[in-house]
Amino acid sequence: MLNKKKILLGVSGGIAAYKTAQLIRNFTKAGAEVRVVMTPAATSFIGPLTLSTLSKNKVHTQFFDKESGEWSNHVELALWADLVVIAPATSNTLAEMANGLCSNLLLATYLSAKSEVYVAPAMDLDMAHHPSLLRNLEQLERDGVQIIPSEEGELASGLVGKGRMAEPEHIQSFIENRLKQQQDFTGKTILVNAGPTHEPIDPVRFIGNRSTGKMGVAIANEFATRGASVHLVLGPTSHSFTFHPNVEITRIETAHDMYSACAKTFPLCDVAVLSAAVADFTPETKSDKKIKKTSNSLVLDLVKTPDTLAELGKIKKNNQYLVGFALETDNELENAKGKLSRKNLDLIVLNSLQHKGAGFGHDTNKVSTIDKSGEICTFDLKSKTQVARDIVNKLKEIITK
Ligand code: CTP
């Protein structure tokens, strides 16, 4: 996968910088051409001479070389690259990247890059869990940066835990897997729905729920990154998103609108993933005028809404795949399995409500998947972007079985 690829390796100032020597060896052995940009701090951890010898290219550390008077053209460097890999990515560099700062050549190059960018975070235990770091990583994921998860082990401080930069061979295999996946849904048309629905009571009030649509949008973006044309039917969320250009969006309001939009598109699709938190009931009548506070109690008659997922399950053809979500508070697995068979699904994703950091509104989620054969896969608590990748990978396994 890396043969003839042009890799720009950005090295920032952490102890793991010494491992970039091995990383360059691995990349070049795999047939890649490597150029290196270092932050000034990185040069204290490993010498530019080592990296220029291994990469067989000049190493860039400054905007200007004072001795030769030469300028390191960060735009040219960034546009040269097929991929940018920043390893190690320190807490400081990640914070600067997430905020668009440009205080060194590595950051200027990142800001000029048009290719895929991977970062391999490296830091000590408590820094790796600090909310500011998690916020910066989330921002970088939203900006399209791929995060190579850090690993557990002994840290420079002597503490043991998560925070070490991924080993060079793991960085390489992560990138190779992503490159393999990149076009594996090319030519496929995918329907995804996401977000809540709002069921109007009167002109100013509605029945809604806490869904933001983050999980479904992450799934839509993941399919699109992997080459698919994606139709996203999105409920009324106030969250602002970045969408991949292959994602076409239809905004809807109610459960009825959700059903109509999905039923219209589904026959054209190879796969549908329905993650929306659709209201199960809607007011039987909507008042044209604002309901006044004239009595001490108010009774609303609610009627069932169409179950979009169940309806698509009824018309699903043999060459189509349908994925649903389940949010359960008790008998989680049994209830999810029941939904899988009742709604004629190929895969169901069970959202956990038991874990802090999972579910509505969070940037992270913890899910299990269950397929038709009853096979259960339980995943760790991860960012919703990474959970989306797990779900799409699982579906890929089912399609290619
Ligand atoms: N769903 C749907 N239309 C509805 C209700 C749910 O398409 N009117 C879909 C959701 O998008 C999700 C799945 O059905 O993929 C399961 O939703 P969930 O709320 O967990 O279950 P319900 O089917 O509503 O059943 P219950 O409320 O009894 O748990």
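Residues numbered from 1 in each chain as written. Predicted model: local features only at pLDDT ≥ 70, side-chain atom pairs only at ≥ 80, totals over all residues. Heavy atoms only, no water.

Some thoughts on the domain arrangement of the chain
How large an interface is tends to be reported as the accessible area lost when its parts come together.
Next up, step 1: Taken as a whole, the chain is organised into domain 1 (6-181) and domain 2 (189-400).
Next up, step 2: If you average the C-alpha positions of domain 1 and of domain 2, the two centres end up 36 Å apart.
Next up, step 3: Counting the surface lost from both domain 1 and domain 2, the interface buries some 870 Å², and carbon and sulfur atoms represent 34% of this.
Next up, step 4: Put simply, domain 1 and domain 2 have one salt bridge between them.
Next up, step 5: The interface formed by domain 1 and domain 2 includes five residue pairs in polar contact (both at pLDDT 80 or more).
Next up, step 6: Sorting the residues of the side of domain 1 that touches domain 2 by element identifies helix H7 (131-142), strand S8 (146-147) and helix H8 (168-181) as the ones contributing at least two each.
Next up, step 7: Its residues placed into classes, the side of domain 1 that touches domain 2 shows two nonpolar, two polar and four charged. (Domains from an automatic or database assignment. Buried area = accessible area lost by both parts, 1.4 Å probe. Salt bridge = Lys/Arg side-chain N within 4 Å of Asp/Glu carboxyl O. Polar contact = N/O pair within 3.5 Å; in protein donor to acceptor, adjacent residues only side chain to side chain. Helix = DSSP H or I, 4+ residues; strand = E, 2+ residues; numbered from the N terminus. Nonpolar A, V, L, I, M, F, W, Y, C, P; charged D, E, K, R; others polar.)

Quick word on the pairing of strand S6 (residues 83-89)
Next up, step 1: Extensive coverage of S6 is indicated by the burial of seven of its seven residues.
Next up, step 2: Where strand S1 (residues 6-11) and S6 come together, four bridges link them in parallel fashion. Paired with Ile7 across the strands is Leu83, a residue of S6.
Next up, step 3: Pairing of S6 with strand S7 (residues 116-121) involves five bridges; the strand directions are parallel. (Buried < 20%, exposed > 50% of the residue type's maximum accessible area, 1.4 Å probe, protein only. Pairing = 2+ DSSP bridges.)

Quick look at the environment of Ser157
Next up, step 1: Among the secondary structure elements, Ser157 is positioned in the loop between strand S9 (151-154) and strand S10 (160-164).
Next up, step 2: Sequence separation between Ser157 and Met123 is 34 residues, and the spatial gap between their C-alpha atoms is 9.8 Å.
Next up, step 3: Only 3.1 Å separates the side chain of Ser157 from the backbone nitrogen of Leu159, close enough to count as a polar contact.

Focus on the sheet that holds strand S23 (residues 376-378)
Next up, step 1: The strand order across the open sheet built from eight strands is S15-S14-S11-S16-S19-S20-S22-S23, with neighbouring strands paired in mixed fashion. Looking at which strands have only one partner, the edges of the open sheet turn out to be strand S15 (247-251) and S23. Between one strand axis and the next, the sheet turns by 15° as a mean value, whatever way the strands run.
Next up, step 2: Summarising the sheet, strand S14 (residues 229-234) and S15 pair through five bridges and their orientation is parallel. Each residue of the ladder has a partner; that of His231, found in S15, is Glu248.
Next up, step 3: Against the sheet, helix H12 (residues 332-342) contacts strand S19 (321-327), strand S20 (347-351), strand S22 (367-371) and S23, and its axis sits at roughly 150° relative to S20. (Axes fitted to C-alpha atoms, helices over the stretch in contact; angles between N-to-C directions. Contact = heavy atoms within 4.5 Å.)

Some words on the packing of helix H10 (residues 255-265) against helix H11 (residues 308-315)
Next up, step 1: Put simply, H10 and H11 touch, their axes get as near as 10 Å, and they point 25° apart. In this view, H10 runs roughly parallel relative to H11, as classed from their interaxial angle. Judged by the twist between their axes, the crossing of H10 over H11 is right-handed. On H11, the residues that touch Met258, Tyr259, Cys262 and Ala263 of H10 are Thr308, Glu311 and Leu312.
Next up, step 2: By residue class, the composition of the contact of H10 with H11 is five nonpolar, one polar and one charged. (Parallel < 35°, antiparallel > 145°, perpendicular 65-115°, else oblique. Left-handed = near helix turned anticlockwise from the far one by under 90°.)

Digging into the packing of aromatic side chains
Next up, step 1: The final tally for this structure, using the stated rule, is three aromatic pairs.
Next up, step 2: Plain terms: the ring middles of Tyr118 and Phe174 are 6.3 Å apart, the flat faces sit at 90° to each other, and that makes the pair edge-to-face. Residue Tyr118 is located in strand S7, and its partner Phe174 is located in helix H8; the two are separated by 56 residues in the primary sequence.
Next up, step 3: On the basis of relative accessibility, which here comes to 0%, the residue Tyr118 falls in the buried class. (Phe/Tyr/Trp six-rings, centres within 6.5 Å; stacked < 30°, edge-to-face > 60°.)

So, the site of the ligand
Next up, step 1: Around the ligand sit 16 residues in total, of which Leu274, Ala276, Phe325, Lys339 and Lys343 are the nearest.
Next up, step 2: Within the backbone of Leu274, an N or O atom sits 2.7 Å from an oxygen atom of the ligand.
Next up, step 3: A distance of 2.8 Å separates an oxygen atom of the ligand from a polar atom in the side chain of Lys339.
Next up, step 4: In the complex, 77% of the free accessible area of the ligand, which totals 570 Å², lies under the protein chains.
Next up, step 5: When residues of the shell around the ligand are traced back to their parent elements, those giving at least two are H11 and S19. (Near = heavy atom within 4 Å. Areas by Shrake-Rupley, 256 points an atom, 1.4 Å probe, with all protein chains shown as cover.)

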